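As a plain string of letters, each chain reads:
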Amino acid sequence: MSNQDAVAAADYSMRNWLGAEPGRIKIGSDAHKQLFCRMLLDTHNPYKPAVLVWPKLSPETLQRITSLPIWDIAVQTEGRAMLRVETYANKVTDPMLHEALIMDGGEEARHKVVLSKLVEAYGIALAPEPAYEVPKDPEWGWMVTGYSECIDSFFAFGLFESAKRTGYFPAELVETFEPVIQEEARHILFFANWTAWYRRQLPWWRRPLYSLKVLRVWAFLIWERIGIAKGLDSKGEMQDANFAITGHQQIGLDLKLGELLELCLVEDQRRMHGYDPRLLRPTFVPRMARLAHFFVR
Ligand SMILES: [Fe+2]
Ligand SMILES: [Fe+2]
């Protein structure tokens, strides 16, 4: 197999996956856990950030890319995600779940390396990274990262596609980033199934407490995003503006909110399409987007 064929095969198998055993699967069962863990493990794309090619950009493109106000927040988000996922993984004793979580955290670490290579290749100036704190409650940290990714990835799908269509991102750069975006799709698919499985396998009397924790995570995320949108983080330091909310303005795309939401919904479906239909899909953010779309139409 030529190198190009191997890359194409890895790319196909990261996007298309069916569980080995046919038949119905009960959410919360051991078979369900095996299905979402195997999905993540089997669809891992073994690309190496060190060998990624960073295309030479024209002066205008270079200026456009380096002045995007997203790089600090992107690097810091990956750094925080990596630590939170790893911390939770180390607490999990179930061997299969542990293995899948370690892989998830390893992919976040790899995203950070990809970004650092990009920053280096194009001479992007970054703000000094803050010290990332180990979460006191590992489960909380994992849930915050999981639900955050459900929001951010949904919008990233649409923004990325739009930047690709308009040529805002040069084609070579789109190609380099494509696996990273699909990895986030796998992560939120994994997380949506984990949270459903986790709640179901709890004894019935502990489930309401878990649902309450989910609500607290959402409240935290909304509060955090309002803070970032104002340009301040929780410690009052200046941050990049919230990419998920204002990203389309920042990357200068002439896209109406309704069109962006439509594109996000289409892309979300497309990126989830190739995985076993018995796996649950993340539904909350797409549902909210559909509702918002109804009002802005
Ligand atoms: Fe990531
Ligand atoms: Fe992720």
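Preceding this section is the structure that the text describes.
Quick caveat, the model's predicted, so the values are computed rather than measured.

Caption draft 1: View of the overall build of the chain. The secondary structure content of the chain amounts to eleven helices and zero strands. Whereas a compact globule of 297 residues would reach a radius of gyration of roughly 19 Å, the chain reaches 19 Å, a difference of no more than 12%. Across its three principal axes, the chain shows a C-alpha extent of roughly 60 × 55 × 45 Å. Excluding contacts between residues fewer than 6 apart, the proportion of contacts in the chain whose partners are at least 24 apart in sequence is 81%.

Caption draft 2: Just the environment of Glu-183, in detail. Relative to the helices and strands, Glu-183 is located in helix 7 (residues 171-201). Residue Glu-183 is classed as buried on the basis of its C-beta count, with 22 C-beta atoms lying within 10 Å. Considered as a pair, Glu-183 and Asp-104 are 79 residues apart in the sequence and their alpha carbons are 9.0 Å apart.

Caption draft 3: How the structure looks around helix 4 (residues 71-89). For helix 4, spanning 19 residues, the distance from its first C-alpha to its last is 27 Å, which sits close to the expected 27 Å at 1.5 Å a residue. Of all 19 residues in helix 4, 15 are buried; the element is thus mostly enclosed.

Caption draft 4: Just the packing of helix 6 (residues 138-165) against helix 10 (residues 257-272), in detail. For the pair helix 6 and helix 10, interaxial distance at closest approach is 8 Å and the crossing angle is 105°. With respect to helix 10, the axis of helix 6 lies roughly perpendicular. Residues Phe-154, Phe-155, Phe-157, Gly-158, Glu-161 and Ser-162 of helix 6 lie in contact with helix 10, whose contacting residues are Leu-260, Leu-263, Cys-264, Glu-267, Asp-268 and Arg-271. Its residues assigned to classes, the contact of helix 6 with helix 10 comprises six nonpolar, two polar and four charged.

Caption draft 5: Just the nonpolar core, in detail. Ranked by size, the top nonpolar core spans 43 residues in total, and within it Phe-36, Met-39, Phe-154, Leu-189, Phe-190 and Cys-264 carry the most contacts. Here Leu-189 is in contact with Met-39, Met-272, Tyr-275, Leu-279, Arg-281 and Pro-282, once residues within four sequence places are set aside. Counting residues in hydrophobic clusters, the runner-up holds six residues, among them Trp-71, Ala-74, Leu-115 and Leu-118.

The rules behind each value
- Residue indices begin from 1 for each chain and proceed along its sequence in written order.
- Written order determines the labels here, with chains lettered from A and ligands numbered from 1.
- The predicted origin of the model limits local features to residues at a pLDDT of at least 70 and limits the giving and counting of side-chain atom pairs to 80 or more, whereas totals for whole chains, interfaces and linings rest on all residues.
- Each helix is a run of DSSP H or I of at least 4 residues and each strand a run of E of at least 2, with the numbering of both proceeding from the N terminus.
- This radius of gyration counts C-alpha atoms alone. The globule rule is 2.2 Å times how many residues there are, raised to the power 0.38.
- A pair of residues counts as a contact when their C-beta atoms, built from backbone coordinates, are within 7 Å of each other.
- Note on burial: count the other C-beta atoms lying within 10 Å of the residue's C-beta; 20 or more is buried, 12 or fewer is exposed, in between is partly exposed, and C-beta positions come from the backbone.
- Helix span is expected to be 1.5 Å times the residue number reduced by one.
- Comment: axis = line fitted to C-alpha atoms, over the contacting stretch for helices; angle = value between 0 and 180 degrees taken between N-to-C directions.
- Throughout this description, any angle smaller than 35 degrees is read as roughly parallel, any larger than 145 degrees as roughly antiparallel, any in the 65 to 115 degree range as roughly perpendicular, and the remainder as oblique.
- Amino acids outside the nonpolar list (Ala, Val, Leu, Ile, Met, Phe, Trp, Tyr, Cys, Pro) and the charged list (Asp, Glu, Lys, Arg) are all regarded as polar, and Gly is one of them.
- Think of a nonpolar core as buried Ala, Val, Leu, Ile, Met, Phe, Trp, Tyr and Cys residues chained together by C-beta atoms that fall within 7 Å.

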